[in-house]
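Observations on the model geometry
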Amino acid sequence: MPEESFNPTVPATIVASMERKKFALVGFAPDEANLLSSALQETRSLSFAGDPRETLPTSEEVEASDVIVVNLTAGLQESRWMNRNEVERSGKPFLLVGHQSEIHRYPALQEAADDLMIRPFKPAEMLLRCHRIVNRSDERGGQRAPKKWAARVLLADDDKSIIDLLTAALGSHNIECLATEDGVSTLRHARRMMPDLVILDLNIPMMNGFEILDALRKDPCTNAIKVILLTANQDLSAIMKGRELGADDYVTKPFSHIELLTRVKKLVPLPAQKPQLNARRVFLR
Amino acid sequence: MPTPFSSLKFLSLFTGHDPPEKQEQEPEPILIEPPPGLEKIVPGYLSARREDVAKMTALLAASDFPGLAVLGHNLKGNGASYGFPELTRIGNDLMQSAVRQDKIALGDELTELARYLGRVRVISRNSI
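Procedures and definitions
- Residues numbered from 1 in each chain as written.
- Chains lettered and ligands numbered in written order.
- Predicted model: local features only at pLDDT ≥ 70, side-chain atom pairs only at ≥ 80, totals over all residues.
- Heavy atoms only, no water.
- Helix = DSSP H or I, 4+ residues; strand = E, 2+ residues; numbered from the N terminus.
- Contact = heavy atoms within 4.5 Å.
- Areas by Shrake-Rupley, 256 points an atom, 1.4 Å probe, with all protein chains shown as cover.
- Salt bridge = Lys/Arg side-chain N within 4 Å of Asp/Glu carboxyl O.
- Buried < 20%, exposed > 50% of the residue type's maximum accessible area, 1.4 Å probe, protein only.
- pLDDT = per-residue confidence, 0-100.
- Axes fitted to C-alpha atoms, helices over the stretch in contact; angles between N-to-C directions.
- Parallel < 35°, antiparallel > 145°, perpendicular 65-115°, else oblique.
- Left-handed = near helix turned anticlockwise from the far one by under 90°.
- Pairing = 2+ DSSP bridges.

**Overview of the overall build of chain B**
Per the secondary structure count, chain B includes 5 helices and 2 strands. Starting at the N terminus and ending at the C terminus, chain B contains elements arranged as α-β-α-α-α-α-β. Contacts in chain B between residues at least 24 apart in sequence constitute 69% of all its contacts with a sequence separation of at least 6. For chain B, the exposed surface amounts to about 6700 Å²; the carbon and sulfur share of it is 55%.

Right, here's the structure in full:
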């Protein structure tokens with residue numbers, strides 16, 4: 001809960017600049033949403049409240065808002081608001097609210113957020129942070145800052161040469177590549193980073209590719225992540241098993257990186273743009 | 001055996017063949033043009049495979065067949081992907097010999113791998 005009601009020491013110029021701005025409050029309990037709404041209404045800003053148990057704005061309300069304020073709460077676990085890509089898809093700047101430990105558990109959301117607000121906080125702090133976000137957003141015509149990367153791909157393979165090759169091929173198309181080399185860390189990072197796509201080697205230590213794929217598909221938070229299986233195994237039954245478990249596509253090693261890139265583009269549409277010269281890869285443990 | 005020693009000389013202990021330097025003086029280079037877009041990473045790839053020869057030689061000396069099978073399997077998967085189908089073929093042979101625990105065949109295949117890597121040269125599109 002915010003510590004107190006609206007703090008009148010917020011400069012008048014800021015209060016004035018927030019007039020008629022609209023906020024979508026997501027995942028707040030009704031009493032806290034009411035308190036924040038009262039604070040915002042003192043600036044003649046508007047806020048929305050949806051579901052009486054926890055605020056969940058409709059698409060129309062999101063579209064009409066200037067800032068989305070997302071509160072990390074258990075009630076949002078299976079909602080679109082815990083999915084970085086979904087939040088970014090809304091195209092609206094957003095403020096992420098939560099306790100320090102909660103926010104650290106969702107690094108992908110943390111990274112995507114325009115600003116963070118750590119509990120406990122005062123309504124005035126929310127107003128100041130929103131003001132800053134709105135000002136920056138107004139300079140960009142009401143939209144979020146352009147994404148640095150066109151897409152995010154998690155590469156799961158214990159062969160460093162394959163990781164290097166994939167990073168070179170995908171990185172030149174503005175795709176951020178994160179790499180893991182065992183099954184357990186692949187699953188953990190898929191859940192935390194919410195990539196657009198996982199390129200998954202079947203023969204990876206600790207958990208094989210089928211087990212990882214199965215776990216991804218059974219988890220409501222990750223079941224929409226696209227998966228391409230990468231395997232040296234040309235056995236048709238292995239390919240069929242991957243399909244049955246929900247793989248979106250497969251590539252057998254050795255492979256042409258051009259063919260793989262074509263398959264990636266089919267699953268993760270990329271905006272047409274000038275390729276970047278420097279590929280980046282981050283190894284995850 | 002005095003140190004330092006070459007992998008090929010060491011492998012000759014397994015294969016019974018003479019080390020290659022006594023058989024051929026200046027082998028013909030094998031010229032390979034990397035797949036477009038991979039030009040920058042191919043030299044590093046080849047360096048890593050040359051290091052693999054030393055690793056696999058040590059694994060063979062230790063009769064670590066599972067370790068050899070993994071490296072053979074990886075070579076099979078990455079060779080042609082980088083534009084070296086010959087490495088994929090040798091990788092497949094190494095993997096199968098490791099599964100059979102055939103030291104003689106592994107020695108021959110490692111010798112073949114070392115020779116290939118010694119001869120292969122990367123050429124750029126501009127130098128053709």
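**Some thoughts on the pattern of salt bridges**
In this structure the tally under the stated criterion is 19 salt bridges over all chains. Salt-bridge contacts for Asp52 of chain B lead to Lys55 of chain B; the nearest nitrogen and oxygen are separated by 3.7 Å. Residue Asp52 of chain B and its partner Lys55 of chain B are located together in helix 2 (residues 42-61), separated by 3 residues, close to a single helical turn. For Asp52 of chain B, a relative accessible area of 8% translates into the label buried. Beyond isolated ion pairs, a larger network of salt bridges with shared partners links Asp115, Glu125, Arg129 and Arg132 of chain A.

**Here's the deal with the confidence of the model for chain B**
Residues and elements named next belong to chain B. Confidence in the prediction of chain B, expressed as mean pLDDT, is 85, and 77% of residues score 70 or more. Helix 4 (residues 85-100) holds the highest mean pLDDT among the elements of chain B, 96, whereas helix 1 (residues 7-15) holds the lowest, 64. Interface confidence for the predicted complex, given as ipTM, is 0.80, next to a pTM of 0.61.

**With respect to the packing of helix 2 of chain B against helix 5 (residues 103-119) of chain B**
Residue and element names in this part refer to chain B. Orientation of helix 2 relative to helix 5, taken along the N-to-C sense of each, is 160 degrees, at an axis distance of 10 Å. Taken together, the axes of helix 2 and helix 5 are roughly antiparallel relative to one another. When you trace helix 2 past helix 5, the crossing you get is left-handed. Mapping the contact onto sequence places Leu46, Arg49, Arg50, Val53, Met56, Thr57 and Leu60 in helix 2 and Lys103, Leu106, Gly107, Leu110, Leu113, Ala114 and Leu117 in helix 5.

**Some words on the pairing of strand 8 (residues 197-201) of chain A**
Residue and element names in this part refer to chain A. Most of strand 8 sits inside the fold, with 5 of its 5 residues counted as buried. Side chains Leu197, Ile199 and Asp201 project from strand 8 onto one buried face, and the interleaved Val198 and Leu200 project onto a second face that is buried too. In the sheet, strand 6 (residues 151-156) pairs with strand 8 via 4 bridges, with the strands oriented parallel. In the strand pairing of strand 8, Leu154 is matched with Val198. Bridge analysis of strand 8 against strand 9 (residues 226-231) gives 5 bridges, and the strand direction is parallel.

**Describing the environment of Asn71 of chain A**
Residue and element names in this part refer to chain A. In this structure, Asn71 sits in strand 3 (residues 67-71). Using a relative accessible area of 6% as the deciding quantity, one classes Asn71 as buried. Ignoring any residue separated from it by four or fewer positions in sequence, one finds Asn71 in contact with Val26, Gly27, Phe28, Glu32, Leu76, Val97 and Arg119.

**Some details on the environment of Arg115 of chain B**
Along the polypeptide, Arg115 of chain B turns up in helix 5. Taking the relative accessible area as the measure of exposure, Arg115 of chain B reaches 29% and is therefore partly exposed.

**Examining the confidence of the model for chain A**
Residue and element names in this part refer to chain A. With 81% of its residues at a pLDDT of 70 or more, chain A shows a mean pLDDT of 79. Element-level pLDDT for chain A is lowest in strand 11 (residues 281-283), with a mean of 60, against a maximum mean of 94 in strand 8. In the predicted structure, residues 273-278 sits below a pLDDT of 50 and forms 7 contacts with residues beyond four places in sequence or in another chain.

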